Amino acid sequence: MRYFPIIIREPPSKKYTNINGRHAVMIDTTGNMLQENPLVTTDVPSSALAIQSERMSGDRQPGQPSLHQPQTPKNLQGRAANPAFPQRTYKSPWRWISVLFLTKGVISAVMMYAALVLFKRMGVNNSSITFFTAWLMLPLVLRPILTIFVQPGRRNKTVILLSEILAALSVAGVAYSLEGESWLEGALFFFWSISIIDIFNDIATDKYCVKTVAYQYKASVRTYKLLFYRLAMLVVLGILMMIGGNLEVITRSVSSSWSITFYLASGIILLLVLVQAILLPRFRSTNRERKVPMADMFYAFLNTNADLIRTPRSWPGGLFLALFLVPLALLSRISILFFLDLGSSGGLSLSPQELGLTQGTIGVFGTIAGFVAGEKLIRRFGQKKMLLFMAAASTIPGLIYIHLSYALPDNLSWISLCSFVQQVAFGFSFCGYYHFMIYYCEVKQFSTYSLCKGLTALAIMIPVMVSGSMQQTMGYRMFFIFVTISSLITMIVSLIVMADHDLGMKKRSFVDKNGWNNPRREPTPKSVAPKQKL
């Protein structure tokens, strides 16, 4: 009786020895397994041995798949196995990516907007508030340098969960510090901790999504990220601010009510972290993964900056990224302080509950509506035709705040309508800025996306830092007039970049028969039948 090695296709048990993803055993010609052969080494391909043993045994049942034809594994059925992506791929990522971005958005909104309302309710003046909150953006400015400290790989999930737990503990630390006498120093320390933790969480999140999100979904990840950031503002600036305002009425203590509110925010973050620990997938480490030395990453960062400076064609785009958001950045913090400030100081005297309704709920939906409208118009008419209209939309928020500062209306419905309109204009204008940043990084390839995000953070940080002092010097009315006039800067830089003939041209990409976006593969020209002469 002769013996032939065969490759078993069922999942092996622990006692079998794995050989190249399969395990080998010895069977006879009747199909009975005799013994394992963990040391099988042969130059004959395993598929040939399997086919030979099948022919000798002759016991294949009708309907059973033959070994002559290679079978597609179940985890690859219905999906092309692309050799360019050897790591594990996942189906629809939206089940877990929504929770991931919502958690990060809640942390950022607590650091940027909840801190703003907290300091105002605790009696800090506007210049100090804007100065403190602007410095919280410094780690985001340094993001291109801090990226070298986070390696892409299977540890990104651990970094994400650990950083979010530390951020939740820091938010609880803010709540605890409000009960002491030196509450301002303690709160600033914990807010600074949140800002540093948040930037490493952001870097790990981006690298994690690069590894785990399938190629066909990556184009939509950034849009979903912006969407869930706005929904996080709905949670923080809408729901939590209403809860904090109601607690002020119940407890009649500002510090105690906001301490409870920040404890609640910490609990929400911990709950979202628990959901992430269950939903976030793990990817397999492959042989292609290797650690990139920090020195090499730092030299690459320096070379990118040097190329950006040495290339004259990149300067108009860099000027656009640095100056387009100046009027919107000047309004970003002062607008909230204007709603909360007393009427004697020129404000609207809204309570935190009313602020949560106007800015945190209605305003958030207005921003989403403006951004979605900008997306649709860009897809239909092109970025070059719509950029000037989006730049002109940056003047609308300033005009609306001029009206509110002179009228000082008491009707909450009218204030909510004005807030909705100015947020629609903000979302519409920001959509043009966002799409130009993608064009500047990925089409023209003048810079990296991380470096552009750092430049954007710097373009917002400096106007925010000086906005409080300018408002206290000019007053709300003159400040809003100055912001409206400064919108001319936005329109000027938009006209400069519109001289680029490639603006609005889509990057050529070709989709192969398996559905993969393959820019290297040229499309096959269609055969055209010759015209017959009559």
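Residues numbered from 1 in each chain as written. Predicted model: local features only at pLDDT ≥ 70, side-chain atom pairs only at ≥ 80, totals over all residues. Heavy atoms only, no water.

### Some words on the overall build of the protein chain
Part 1 of the reasoning: Each helix and strand counted, the protein chain has 18 helices and four strands in total.
Part 2 of the reasoning: Excluding contacts between residues fewer than 6 apart, the proportion of contacts in the protein chain whose partners are at least 24 apart in sequence is 78%.
Part 3 of the reasoning: Carbon and sulfur atoms form 62% of the exposed surface of the protein chain, whose accessible area is close to 28100 Å². (Helix = DSSP H or I, 4+ residues; strand = E, 2+ residues; numbered from the N terminus. Contact = heavy atoms within 4.5 Å. Areas by Shrake-Rupley, 256 points an atom, 1.4 Å probe, with all protein chains shown as cover.)

### Structural notes on the packing of helix α6 (residues 156-177) against helix α7 (residues 183-212)
Part 1 of the reasoning: One way to put it is that α6 packs onto α7 with a least axis distance of 8 Å and a crossing angle of 165°. Between α6 and α7, the crossing angle belongs to the class labelled roughly antiparallel. For the pair α6 and α7, the crossing hand works out as left-handed.
Part 2 of the reasoning: The class makeup of the residues in the contact of α6 with α7 is 15 nonpolar, nine polar and three charged. (Axes fitted to C-alpha atoms, helices over the stretch in contact; angles between N-to-C directions. Parallel < 35°, antiparallel > 145°, perpendicular 65-115°, else oblique. Left-handed = near helix turned anticlockwise from the far one by under 90°. Nonpolar A, V, L, I, M, F, W, Y, C, P; charged D, E, K, R; others polar.)

### Brief notes about the nonpolar core
Part 1 of the reasoning: Residues V110, V117, F119, F191, F262, I336 and F480 are the most contacted members of the largest nonpolar core, which totals 91 residues.
Part 2 of the reasoning: Per-element accounting of this core gives the leading share, 18 residues, to helix α2 (residues 94-121).
Part 3 of the reasoning: With sequence-adjacent residues up to four places away left out, V117 is seen in contact with L237, M241, W258, I336, L340 and L355.
Part 4 of the reasoning: Membership of the second largest hydrophobic core comes to 26 residues, among which are M390, C431, Y433 and I438. (Core = buried A, V, L, I, M, F, W, Y, C linked by side-chain atoms within 4.5 Å. Buried < 20%, exposed > 50% of the residue type's maximum accessible area, 1.4 Å probe, protein only.)

### Description of the environment of L118
Part 1 of the reasoning: Along the chain, L118 turns up in helix α2.
Part 2 of the reasoning: Along the sequence, L118 and M241 sit 123 residues apart, while their C-alpha atoms lie 9.5 Å from each other.
Part 3 of the reasoning: When sequence neighbours within four positions are dropped, the list of residues in contact with L118 reads V174, L178, F191, W258 and F262.

### Considering the packing of α2 against α7
Two quantities define a packed helix pair, namely the angle between the helix axes and the distance between the axes.
Part 1 of the reasoning: Between α2 and α7, the least distance of the axes is 11 Å, while the angle of their chain directions is 160°. Comparing their axes, α7 and α2 come out roughly antiparallel. With respect to the hand of their crossing, α2 and α7 are arranged in left-handed fashion.
Part 2 of the reasoning: For the contact of α2 with α7, the class distribution of residues is 18 nonpolar, five polar and three charged.

### Considering the packing of aromatic side chains
Each aromatic ring pair is described using two quantities: the centre-to-centre distance and the angle formed by the ring planes.
Part 1 of the reasoning: One pass over the structure, following the stated rule, counts 26 aromatic pairs.
Part 2 of the reasoning: Ring centres of F119 and W183 lie 6.3 Å apart, and the angle between their planes is 40°; this geometry places the pair in the tilted category. Placement of F119 in helix α2 and of W183 in helix α7 is noted, with a sequence separation of 64 residues between them. Considered together, F119 and W183 belong to a single accessibility category, that of buried residues.
Part 3 of the reasoning: Arranged with centres 6.1 Å apart and planes meeting at 65°, the rings of F339 and Y401 form a pair that is edge-to-face. You can see F339 sitting in helix α12 (residues 326-340) and its partner Y401 sitting in helix α15 (residues 395-407), a full 62 residues away along the chain. (Phe/Tyr/Trp six-rings, centres within 6.5 Å; stacked < 30°, edge-to-face > 60°.)

### What to know about the pattern of salt bridges
Part 1 of the reasoning: Summed over all chains, the structure comprises ten salt bridges.
Part 2 of the reasoning: A salt bridge links K120 to D341; its shortest N-O distance comes to 3.4 Å. Here K120, found in helix α2, pairs with D341, found in the loop between α12 and α13 (352-381); they are 221 residues apart in sequence, far enough to count as distant. Just as K120 is buried, D341 falls in that class too.
Part 3 of the reasoning: Note that R121 is salt-bridged to E248, the shortest N-O span being 2.7 Å. With R121 in helix α2 and E248 in helix α8 (residues 218-251), the pair connects residues that are 127 residues apart, well separated along the chain. (Salt bridge = Lys/Arg side-chain N within 4 Å of Asp/Glu carboxyl O.)

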